[in-house]
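One-letter residues, chain by chain:
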Amino acid sequence: MNRMDINVQWVFTSMALLGLASGMIGTFALLKKQSLIGDAMAHAALPGICIAFLLYGQKSLLLFLIGAACSGYIATICIQFIVKHTRVKEDAAIGIVLSVFFGLGIVLLTWINQHEGGNQSGIHDFLFGKAASLTGSDVNVLTVTAVTVIIMILIFFKEFKIITFDRAFAQGIGISVSLLNGVLMFLIVSVVVIGLQAVGVVLMSALLITPALAARYWTEKLEWMTLLAGGFGALSGVAGAYISLIAYAPTGPLVIIFATMLFIFSFLFAPKRGLCSKMIRRHIERKKLQSQQLMYKRGEQL
Amino acid sequence: MSYTMWILLTASLVGINCGLVGTFLVLRKMSMLSDAISHSVLLGIVGAYMISHHLQGVSMLVGALIVGLLTTFLVQWLHQKGVQNDAAIGVVFTCLFAIGVVLISLFADRVHLDVEHALMGEIAFVPWDVLEVGGKSIGPKAIWLLGFVLAINIFCIVFAYKELKISSFDHEMAVTLGIPVVLIHYVLMGMLSLTTVASFDSVGAILVVAMLIVPSATAYLWTDRLSVMLICSAFIGVLASMIGYTIATVFNVSISGAIAVSTGVIFFISLWIAPKYGLLRKWLKKSPA
Amino acid sequence: MKMNPLVVEQMTVAYDRQLVLEDVSFFIPKGKLVGVIGPNGAGKSTLMKAMLNFIPRMHGHVFVYGQPYEKQRHLVGYVPQRNSVDWDFPTNALDVVLMGRYGHIGLWKRPKKEDVDMAMQCLDKVGMLPYAKRQISQLSGGQQQRVFLARALAQDASIYFMDEPFVGVDAATEKAIVQLLNELKTRGKTVLVVHHDLQTVRDYFDYVLLLNKRVIAFGETESVFTYDHIQKTYGGKVTFLSSTHIVG
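Labelled according to an unreviewed UniProt entry, chain C appears under the name Putative ABC transporter ATP-binding protein, originating from Anoxybacillus ayderensis.

The name recorded for chain A in an unreviewed UniProt entry is Manganese transport system membrane protein MntC, from Anoxybacillus ayderensis. What the UniProt record of chain A gives under Subcellular location (unreviewed entry) is the line "Cell membrane". Regarding chain A, the relevant UniProt record gives this comment under Function (unreviewed entry): "This protein is probably a component of a manganese permease, a binding protein-dependent, ATP-driven transport system."

Before going further, it helps to examine the overall build of chain A. When helices and strands are tallied, chain A shows 13 helices and zero strands. Reading the helices (α) and strands (β) of chain A from amino to carboxyl end gives α-α-α-α-α-α-α-α-α-α-α-α-α. Projecting the C-alpha coordinates of chain A onto the three principal axes gives extents of approximately 95 × 55 × 35 Å. Per-residue burial for chain A yields a buried fraction of 52% across its 302 residues.

As a further point, take the overall build of chain C. Helix and strand counts for chain C stand at nine helices and ten strands. A compact globule built from 248 residues should have a C-alpha radius of gyration of about 18 Å, and chain C, at 18 Å, falls within 12% of that. Each principal axis of the C-alpha distribution contributes one length, and for chain C these read about 50 × 40 × 35 Å. For chain C, long-range pairs separated by at least 24 residues make up 67% of all intrachain contacts whose partners lie at least 6 apart in sequence.

Below, the discussion takes up the environment of Thr246 of chain B. Residue and element names in this part refer to chain B. Of note, Thr246 is situated in helix H10 (residues 226–251). On the basis of neighbour count, Thr246 is assigned to the partly exposed category, with 14 C-beta atoms found within 10 Å. Sequence spacing of Thr246 and Ile259 is 13 residues, and the spatial spacing of their C-alpha atoms is 9.2 Å.

What follows deals with unusual backbone geometry. The phi dihedral of Lys272 of chain A is positive, around 70 degrees, even though this residue is not glycine. Mapped onto the secondary structure, Lys272 of chain A falls in the loop between helix H12 (251–269) and helix H13 (275–301). The backbone phi angle of Lys213 of chain C is positive, close to 70 degrees, even though this residue is not glycine. Tracing the chain through its elements places Lys213 of chain C in the loop between strand S9 (207–212) and strand S10 (214–220).

With that settled, the discussion passes to the UniProt feature "transmembrane region" (unreviewed entry) in chain A. All names here are of chain A. The UniProt record marks residues 12–31, 62–83, 92–112, 139–157, 169–188, 194–215, 227–248 and 254–271 with the feature "transmembrane region" (unreviewed entry), using the residue numbering of this structure. Taken as a whole, residues 139–157 contains 95% helix and 0% strand, while its terminal C-alpha atoms sit 26 Å from one another. End C-alpha atoms of residues 254–271 are separated by 27 Å, and the span's content is 89% helix alongside 0% strand.

Glancing now at the interface of chain A and chain B. Across the contact, 44 residues belong to chain A and 52 residues belong to chain B. Split by residue class, the side of chain A that touches chain B holds 28 nonpolar, eleven polar and five charged.

Turning our eyes to something else, we now look at the interface of chain B and chain C. Residue-level contacts link 21 residues of chain B with 19 residues of chain C. If you list the elements that add at least two residues to the side of chain B that touches chain C, you get helix H7 (161–169), helix H8 (171–176) and H10 of chain B. Residues belonging to the side of chain B that touches chain C are distributed by class as follows: twelve nonpolar, three polar and six charged.

Moving on: the sheet that holds strand S1 (residues 6–15) of chain C. Residues and elements named next belong to chain C. A sheet is described by the order of its strands in space; here four strands give the open sequence S2-S1-S4-S5, paired in antiparallel fashion. Each edge of the open sheet carries a strand with a single partner, namely strand S2 (18–28) and strand S5 (67–68). As paired strands, strand S4 (residues 59–64) and S5 are joined by two bridges and run antiparallel to one another. Bridge pairing in S5 places Phe63 opposite Pro68. On top of the sheet, helix H1 (residues 44–51) reaches S1, S2 and S4; it is set at about 70 degrees to S2, its chief contact.

Okay, helix H5 (residues 141–155) of chain C next. All names here are of chain C. Over its 15 residues, H5 runs 21 Å from end to end, which matches the ideal 21 Å to within 8%, given 1.5 Å per residue. For H5, a buried count of 13 out of 15 residues is recorded, marking the element as mostly surrounded by other parts of the structure. Directly beyond the C-terminal end of H5, a positive phi value near 55 degrees is found at Asp156.

A separate point is the pairing of strand S8 (residues 190–195) of chain C. Residue and element names in this part refer to chain C. Among the six residues that make up S8, six are buried, leaving the element largely enclosed by the rest of the structure. With burial as the criterion, each face of S8 is covered, one bearing Thr190, Leu192 and Val194 and the other bearing Val191, Val193 and His195. Pairing geometry for strand S3 (residues 33–37) and S8, over five bridges, is parallel. Of the residues in S8, the one forming a bridge with Val34 is Leu192. The pairing of strand S7 (residues 159–163) with S8 spans five bridges and is parallel. Pairing of Met162 across the sheet is with Val193, part of S8. Between the parallel pair S7 and S8, the chain is carried across by helix H6 (residues 171–186), and the sense of this crossover is right-handed.

Relative to strand S2 (residues 136–140) of chain B, strand S1 (residues 130–133) of chain B runs antiparallel, the two being bridged by three bridges. Across the sheet, Glu132 of chain B pairs through a bridge with Ser137 of chain B, a residue of S2 of chain B.

Attention now goes to helix H2 (residues 31–52) of chain B. All names here are of chain B. The terminal C-alpha atoms of H2, which comprises 22 residues, lie 32 Å apart, in line with the 32 Å expected from a rise of 1.5 Å per residue. Along H2, the sharpest change in direction is near 25 degrees and occurs at His39. In terms of burial, H2 is a largely internal element, 19 of the 22 residues being buried. Directly beyond the C-terminal end of H2, a positive phi value near 60 degrees is found at His53.

Residue and element names in this part refer to chain C. Reading across from one edge, S6-S7-S8-S3-S9-S10 is the order of the six strands in this open sheet, with mixed pairing throughout. Unpaired on one side and paired on the other, strand S6 (76–79) and S10 mark the two borders of the sheet. Neighbour-to-neighbour, the strand axes of the sheet open up by a mean angle of 15 degrees, direction not taken into account. Relative to S6, H5 is tilted by about 175 degrees, and along the sheet it contacts S6 and S7. Strands S3, S7 and S8 of the sheet are contacted by H6, whose axis makes an angle of about 150 degrees with S8.

The subject of this paragraph is the confidence of the model for chain C. Predicted confidence across chain C gives a mean pLDDT of 86, with 93% of residues reaching 70 or more. Two numbers describe this predicted complex: its pTM, 0.87, and its ipTM, 0.90.

Turning next to the nonpolar core. In terms of nonpolar packing, the biggest core is built from 278 residues, with Val97 of chain A together with Val34 and Val97 of chain C touching the most fellow members. Sorting elements by how many residues they give to this core places helix H9 (residues 181–222) of chain B first, with 24 residues. The residues touching Val34 of chain C, leaving out its near neighbours within four places in the chain, are Ile28, Val191, Leu192, Val193, Phe205, Tyr207, Val208 and Leu209 of chain C.

Okay, the environment of Trp87 of chain C next. All names here are of chain C. Along the chain, the position of Trp87 falls in the loop between S6 and helix H2 (93–99). For Trp87, a count of 18 C-beta atoms within 10 Å corresponds to the partly exposed category. Put simply, Trp87 and Ser137 are 50 residues apart on the chain and 5.1 Å apart in space, counted from C-alpha to C-alpha. If we skip the residues at most four places from it in the chain, Trp87 touches Ile136, Ser137 and Gln144.

Residues and elements named next belong to chain B. Taken N-terminus to C-terminus, the directions of helix H1 (residues 3–27) and helix H6 (residues 141–159) make an angle of 25 degrees; their axes are 10 Å apart at the nearest point. The angle between the axes of H1 and H6 places the two elements in the roughly parallel class. Handedness of the H1/H6 crossing: left-handed. Note on element contacts: H6 touches H1 through Ala142, Ile143, Leu146, Gly147, Val149, Leu150, Asn153 and Ile157, opposite Leu9, Thr10, Leu13, Val14, Ile16, Asn17, Leu20 and Val21.

Our next topic: the packing of helix H4 (residues 90–115) of chain A against helix H11 (residues 255–273) of chain B. Packed helix pairs are characterised by how far apart their axes lie and by the angle those axes make with each other. Their axes nearest at 7 Å, the elements H4 of chain A and H11 of chain B cross at an angle of 135 degrees. Taken together, the axis directions place H4 of chain A and H11 of chain B in an arrangement best described as oblique. Between H4 of chain A and H11 of chain B lies a crossing whose hand is left-handed. Within the contact between the two elements, H4 of chain A uses Ile96, Ser99, Val100, Gly103, Leu104, Ile106, Val107 and Thr110 of chain A and H11 of chain B uses Ser256, Gly257, Ala258, Ala260, Val261, Thr263, Gly264 and Phe267 of chain B. A breakdown of the residues in the contact of H4 of chain A with H11 of chain B according to their chemical character gives nine nonpolar, seven polar and no charged.

Rules used throughout
Residues numbered from 1 in each chain as written. Chains lettered and ligands numbered in written order. Predicted model: local features only at pLDDT ≥ 70, side-chain atom pairs only at ≥ 80, totals over all residues. UniProt positions renumbered as here; feature names shortened; annotations may be inferred. Helix = DSSP H or I, 4+ residues; strand = E, 2+ residues; numbered from the N terminus. Buried ≥ 20, exposed ≤ 12 C-beta atoms within 10 Å, placed from the backbone. Rg over C-alpha atoms; globule rule 2.2 N^0.38 Å. Contact = placed C-beta atoms within 7 Å. Nonpolar A, V, L, I, M, F, W, Y, C, P; charged D, E, K, R; others polar. Pairing = 2+ DSSP bridges. Axes fitted to C-alpha atoms, helices over the stretch in contact; angles between N-to-C directions. Expected span 1.5 Å × (residues − 1). Right-handed = clockwise from strand over helix to strand, strands pointing away. Bend = angle between axes of the 7 residues up to and from the residue. pLDDT = per-residue confidence, 0-100. Core = buried A, V, L, I, M, F, W, Y, C linked by C-beta atoms within 7 Å. Parallel < 35°, antiparallel > 145°, perpendicular 65-115°, else oblique. Left-handed = near helix turned anticlockwise from the far one by under 90°.

Written as structure tokens, this is what we have:
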């Protein structure tokens, strides 16, 4: 097996694992109505990555992960602080934090390029995503992180379920909601960070929510939805990587386009919740209602 | 005019344009729609290029306008069909952006445009790209483009001030009064798309978001009048441009990034010291000495 | 019959799969105060929103002075529930009242001095003149409700729909609202009010519409607001009412 093949294998494995982990954790982000928080975190990760590089002096995915997790966490705190203590609403708070943190990241990035010979830093790949640039050690970190996230989801599934569905009740039965929220946030940040290198800042949020949103149309059970979202994510990852290989186009965007197609298909054709079946059902019910009303009227006339 | 003056003028025009449009976005709780449109507009620019084979002002504006309105429409439609709002925004813009990136990479040899440029902008090059009439230079193209969009924005806001105001404050009331709320919504989204694409080329997608939301949210902390809020957020946008540019030249870093950070700093300071809604005052009130 | 201020014919509204209103028909004579009464989820707010076309009707028609509502929008004023707007909006009380004039000012035009004067008068009528320049988030709940009512006055419509104006207001505001309702009545306006408090129905309204997905009963308060009808509307869950408030 030559080097090229190994690289391709790496890309396929990591995209599948990444898709799986992000689809599963994305389910909770979606149901907590925090789709855009994922976007904010992806952007907020950049200054953390840059600071990690400035402190350590060379690329290290593990340190980048820690840096990104820290700045992502600070970003969430900032959003919550603004919403709680000012009249600024949540959407604007997310926008403020997202754009200012990203601006800071860009400032640091240009600083690194000027002063540290940063072209070798590989930070650039985090901005736009470059699955092909994944090295062996990257794949190791990515695999370990993704598997850890998946295991954590399985362990805390019951708890995540209840804090997502009914916070107040969870608190009432003595579950530490803030701690579990912290864990959930941390898992999201972890997935965002390992995903950045593969799909880039802008598209990372889509990797979280699009598979989950597609899965929502097929089932009413959280267990199935989580599994299905993971499956859709993994499928999109592999399909995107494969198409990019034969079409010589960037992997990240293709993964997202594939995931969006899965969503559109689910949105239109899923049984029960899909648009088509809804329309058919509505049509039937309207007919039924009309004939009922007609019968009433006839009854009245008699 | 000197090189610095042109850059400051460009950044200030971006600040004014974004401040005006952003005020309504913040009040209508549509801030994240600006994030969406600022990214999906990339597809409009690529599309315009593929059809017209150049990157001149008008075709770019039209392309951006179409994709901007398409984004809004799709988000609205998905929302109506039961997709939660935040997710609808997230799905639509990432998909359109992804298509834009793929198209750029497929036609990379022919398109003078790259994703990095689109995200971060290159305001430092603005003064070199001048508009020439009859062989004479009449100033950078970006200035003309931004000036043109500013004229449109001011016209729309002055013309439809009362309609924009009531449909932002009380949508249902506006409907019963016979105000064309749907038209108003799409006019605003059109203004947003034009502002985004005009600013995009010089400052990039992310700074557009920063300039749209942060100064307006800051102004929201300072005033209780819509008209003052509009002026105030335009002013904060200009102020942030000045500070950001100075920082960027001193430390030799990205100008658009530095401006985004400056908006954040101004917001952070206002958060504490704003007269009526600042935290300092709130806390002082709570614990009277 | 169609020349009555408001005629609703066989209105049916459904959300997704559930029928929220079924075959609702009634008509209201001129100059009456009408209370819309029913338990939570009976479709009271939905009724108003469907009449105003905010939500699609599956079936049915709404006539205002003999014409379809769509043609007579300007004759109908709407006072939404107080929590339906963001009170942090940067504007003051006078400005909100002035919004009621927008329909008269016409599209794309500016308010004139007469409009401002009229808005001031309306504020005065609800006792809010001293607060004209106050930012709306600095007003109490009752004061906000009064601003909304002043706005409805400024609109100068012929028919008013009010969604729960009495909820969460102080005694002074409640009194002001009642006064205002009576003034509207003497000026020949027709007012439809979604109302919660069964105790006060007899005192406030000429007509009642008892609603629980269907019209349970409709007519003059004296004859319709009876124990049986209320039990039927609330599914037999009302036991606390003393007989002084109800006939029968």
